[in-house]
Amino acid sequence: MLDKVGIAKRIAKEIKNGYYVNLGIGIPTLVANYIPEGMSIVLQSENGLLGMGPFPFEGEENPDLINAGKQTITIVPGSAFFDSAMSFGMIRSRKVDLTILGAMEVSDTGDIANWKIPGKMVKGMGGAMDLVASAKNIIVAMQHVNKAGESKLLSKCELPLTGVGCVKKIVTELAVLDITPQGFRLLERAPGVSVEEIKNATQGRLIIEGDIPEMVID
Amino acid sequence: MNKTIANAEEAIKGIQDNMTLMLGGFGLCGIPENCIAALVKKGVKGLTCIANNAGVDDFGIGLMLHKHQVKKMISSYVGENAELPAGVGTEVAIGKEVRKFMVDGVEKEFLMEYAFDADFALVKAWKGDTQGNLIFRGTARNFNPMMAMAGKTTIAEVEELVPAGELDPDHIHVPGIYVHHIFQGVNYEKRIEQRTVRKRN
């Protein structure tokens, strides 16, 4: 079974040279720490930055320099600032190659719910709805089951949707899965996790073909 | 054309109870601190505020919420503010027009949204000149240019106000035509919401 860092490390392997990548809040933010050496990518922060760098050294925090999670950050050489209209312009026009975000639920048709739980305080969807409506490629980083042990990989999302039919791939603590017209397709198992465990933790349609390899994580 | 005024109190003189305001900023980054402080002091009530966020409990728009000056908040994310009651936020797509457009040869549905309208827009820039031209810094630009363009009356507060002609016209982010009043703010706190750092090694 993977921890959060393991999920982030596995997702980092999906990033290709030359990609513009938007990282959501939570586990997706950790992905930035595991981009393979020598790979040239640009991180987009939807509050108005291309070329996001790591957190600043202590004492070098700048209140005018934050990411979409309101955390202090730095910039890397070649970065650019812009306003929110331009930021969502590049998102809506699919210039961002890969979006990595968290989810509360994903359906086997690629629907995603990640902004609202009825009865709980509504915080708002932030930029998520624009991101999922237009991203070329969306990978979801999430826990396979919720705290009550119920599957979050469903035949149909129960929570209000953020986007319809948009998720391409999911990485959880148990598995890597693609979304296909036939449902979730199991690609890899987390170290020490059996196919049976993944089956039990998945409520939506699950396709298992042949031997499922174990993930390789450095 | 000199648009300079003395301070925030003078800037917000025209803001009355029950008006609609737009405020720039993302989180606490690039918010019009001086104008918010003046509005709290003035005590105007029944305001509708349009801003990306609602501040935190004791800073930004949160200061006005705390004093019950805000009747309605139109935001995209208010998770940082615990004072907002459940149900405040946006219900998406219900009762809105959906239109189809071709995207890369495929028909896609799009939601039509109305533009917001506000009596006053309050924005914060890094530098400005007496003609109202604005320059922002870092990610503090965010929604400020859009809000500046949308206000019936736009008030800009800046960290440094310079005479017209001192800013390079090639560097202006918001041309002064959108700005009606400008003043140099004081005592900027520029509070950091999430201080994240890494260790030197």
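Anything mentioned here points back to the structure above.
Throughout what follows, the structure given in this document is the object of discussion. (Residues numbered from 1 in each chain as written. Chains lettered and ligands numbered in written order. Predicted model: local features only at pLDDT ≥ 70, side-chain atom pairs only at ≥ 80, totals over all residues. Heavy atoms only, no water.)

### Regarding the overall build of chain A
Going by this rule: Numbered from the N terminus, helices here are DSSP runs of H or I no shorter than four residues, and strands are runs of E no shorter than two. As a reference, a globule follows 2.2 Å times the number of residues to the power 0.38, and the radius of gyration itself is taken over C-alpha atoms. The classification of residues rests on relative accessible area computed with a 1.4 Å probe and restricted to protein chains. Under 20% of the type maximum is buried, over 50% is exposed, and intermediate values are partly exposed. Any two residues having at least one pair of non-hydrogen atoms within 4.5 Å are treated as being in contact. Surface accessibility in these figures is a Shrake-Rupley result with a 1.4 Å probe; residues are shielded only by whichever protein chains are displayed. Under this rule, positive means Lys or Arg and negative means Asp or Glu; His and the chain ends count for nothing. Here the site of a charge means atom NZ of a Lys, CZ of an Arg, CG of an Asp or CD of a Glu.
Scanning chain A from N- to C-terminus turns up five helices and 13 strands. Against the globule reference of 17 Å for 218 residues, chain A gives a C-alpha radius of gyration of 17 Å, in line with a compact fold. For chain A, the spread of C-alpha atoms along the three principal axes comes to 50 × 40 × 30 Å. Residues counted as buried form 55% of the 218 residues belonging to chain A. Long-range pairs, those at least 24 residues apart, make up 61% of the contacts in chain A with a sequence separation of at least 6. Surface accessibility of chain A: about 9500 Å² in total, with carbon and sulfur atoms responsible for 53%. Side-chain charges in chain A split into 22 positive and 25 negative, and the spacing between the mean points of these groups amounts to 5 Å.

### Quick look at the interface of chain B and chain A
This is how it is decided: Here the quantity called buried area is the accessible surface, traced with a 1.4 Å probe, that two parts lose on coming together, added over both. The salt bridge definition used is simple: a Lys or Arg side-chain nitrogen within 4 Å of an Asp or Glu carboxyl oxygen.
Contact residues are listed per partner, giving 41 residues for chain B and 38 residues for chain A. The three residues of chain B that bury the most area against chain A are Phe26(B), Thr139(B) and Arg198(B), which together make up 19% of that side's buried surface. Seen at the junction of chain B and chain A, the total is six salt bridges. Across the salt bridge formed by Lys199(B) and Glu58(A), the nearest N and O atoms sit 3.5 Å from each other.

### Some words on the sheet that holds strand β1 (residues 20–23) of chain A
Residues and elements named next belong to chain A. Selection rule: We treat two strands as partners when DSSP finds at least two bridges between them.
Read from one edge to the other, the open sheet built from ten strands follows the order β4-β3-β2-β1-β5-β8-β10-β11-β12-β13, with strand pairing classed as mixed. In this open sheet, the two edge strands, each paired with only one partner strand, are β4 (75–81) and β13 (206–207). Where strand β2 (residues 42–45) and strand β3 (residues 49–52) come together, two bridges link them in antiparallel fashion. Of the residues in β3, the one forming a bridge with Gln44 is Leu50.

### Description of the sheet that holds strand β7 (residues 112–113) of chain A
All names here are of chain A. One open sheet accounts for three strands, arranged β7-β6-β9; its pairing is mixed. In the strand order of this sheet, the two ends are held by β7 and β9 (153–154), each with one partner. As judged from the two bridges shared by strand β6 (residues 105–107) and β7, these two strands associate in the antiparallel manner. Across the sheet, Glu105 pairs through a bridge with Ala113, a residue of β7.

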